[in-house]
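Below are the chains, spelled out letter by letter.
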Amino acid sequence: MAVSSPDLKAFLLATPFFGGLSDASLDLLVSMLVERRFDVGATVVAEGEPGRSMFIVHSGKLEVVSKLADSGRVIRMAGLEPGDFFGEMTLIEMQNRSATVVAESPTVLYELTARELYRCYKTDIHAYVMVMQNINRELCRRLRRADNRIAELQMLHASQ
């Protein structure tokens, strides 16, 4: 179901994904979102499956996990909480999902599909550019964190 409310708009404006949008642009994007609810333990997206949408976490907690190809072990990559978003990589690179996301508590997400994002591009190019810049900023933050983790692991490995 598509959603819209003043409380939802205020929440979304406080997230990194919707920062800097005008009120009209925000209204357009909010009209494109679909609310999705998941129970504890539900798989939201699965690693390797085709992805055509991204999600903004409104409430609940989720776990991002990935399988190590050689061993088959599952590794916790990250935790997600209200205000976080995920799935944006499939909208940019058009590849399958890179990880599995599982609900750790009852969860409410707002889904934005690639089709709706394209409609945003055609309708409000400024909003589209802002959203893409916001996604890119978050991807850069994640890359910096990953770089730091790699460096820490290298230091740990070198000291052993």
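Residues numbered from 1 in each chain as written. Predicted model: local features only at pLDDT ≥ 70, side-chain atom pairs only at ≥ 80, totals over all residues. Heavy atoms only, no water.

Would you explain the sheet that holds strand S6 (residues 85–86) in this entry?
Strands pair in a sheet through their backbones, by hydrogen bonds, and they do so in one of two ways: parallel or antiparallel. As summarised here, the arrangement of the 4 strands in space is S1-S8-S3-S6, forming an open sheet in which the pairing is antiparallel. Since the sheet does not close on itself, it has two edges, and those belong to strand S1 (34–38) and S6, each with one partner. With 5 bridges connecting them, S1 and strand S8 (residues 107–113) associate as antiparallel partners. In the sheet register, Val34 faces S8, and the bridge partner there is Glu111. Contacting strand S3 (53–59) and S8, helix H4 (residues 114–123) crosses the sheet at an angle of about 55° to S8. (Pairing = 2+ DSSP bridges. Helix = DSSP H or I, 4+ residues; strand = E, 2+ residues; numbered from the N terminus. Contact = heavy atoms within 4.5 Å. Axes fitted to C-alpha atoms, helices over the stretch in contact; angles between N-to-C directions.)

Quick question: what am I supposed to make of the nonpolar core here?
One finds Leu12, Phe17, Phe18, Leu29 and Ile56 to be the most contacted residues of the largest nonpolar core, which totals 26 residues. Excluding residues within four positions of it along the chain, Phe18 makes contact with Leu12, Leu13, Leu26, Leu29, Leu33, Ile56 and Asn134. Listed in part, the 13 residues of the second largest apolar core include Phe38, Val45, Ala99 and Val101. (Core = buried A, V, L, I, M, F, W, Y, C linked by side-chain atoms within 4.5 Å. Buried < 20%, exposed > 50% of the residue type's maximum accessible area, 1.4 Å probe, protein only.)

Sorry if this is basic, but what is going on with the packing of H4 against helix H5 (residues 125–158) here?
Helix packing for two helices is described by the angle between their axes and how far apart those axes are. Orientation of H4 relative to H5, taken along the N-to-C sense of each, is 130°, at an axis distance of 5 Å. Accordingly, the angle class assigned to the pair H4 and H5 is oblique. Residue-level contacts link Leu117, Cys120, Tyr121 and Thr123 of H4 to Ile125, Ala127, Tyr128, Val131 and Met132 of H5. Looking at side-chain class alone, the contact of H4 with H5 contains 8 nonpolar, 1 polar and no charged residues. (Parallel < 35°, antiparallel > 145°, perpendicular 65-115°, else oblique. Nonpolar A, V, L, I, M, F, W, Y, C, P; charged D, E, K, R; others polar.)

Any chance you could explain the pattern of salt bridges here in plain terms?
Side chains bearing opposite charge may pair, as long as their charged atoms lie close to each other. The tally for this structure, following the rule as stated, stands at 12 salt bridges. A salt bridge links Lys61 to Glu81, with the shortest nitrogen-to-oxygen separation between them at 3.6 Å. A residue pair is termed long-range when its members are at least 10 positions apart, and Lys61 in the loop between S3 and strand S4 (62–67) and Glu81 in the loop between strand S5 (74–80) and S6 qualify at 20 residues. Residue class for Glu81 comes out partly exposed when judged on its relative accessible area of 41%. Taken together, the salt bridges that share partners define one network made up of Glu88, Glu138, Arg141, Arg142 and Arg145. (Salt bridge = Lys/Arg side-chain N within 4 Å of Asp/Glu carboxyl O.)

Hey, could you run me through helix H2 (residues 23–32) in this one?
Count 3.6 residues to each turn of an α-helix, and residues three or four apart come out pointing the same way. For H2, every residue scored as buried is listed here: Ser25, Leu26, Leu28, Leu29, Val30 and Met32. Along its buried surface, H2 packs onto helix H1 (6–13), S1, S8, H4 and H5.

Is there a simple way to think about the sheet that holds strand S7 (residues 100–103) in this case?
Overall, antiparallel pairing links the 4 strands, which are arranged S2-S7-S4-S5 in an open sheet. The open sheet has two free edges, formed respectively by strand S2 (43–45) and S5, since each of these has just one partner strand. On average, each strand axis in the sheet is tilted by 30° relative to the strand beside it, whichever way the strands run. Summarising the sheet, S4 and S5 pair through 6 bridges and their orientation is antiparallel. Its bridge partner being in S5, Lys67 is matched across the sheet by Val74.

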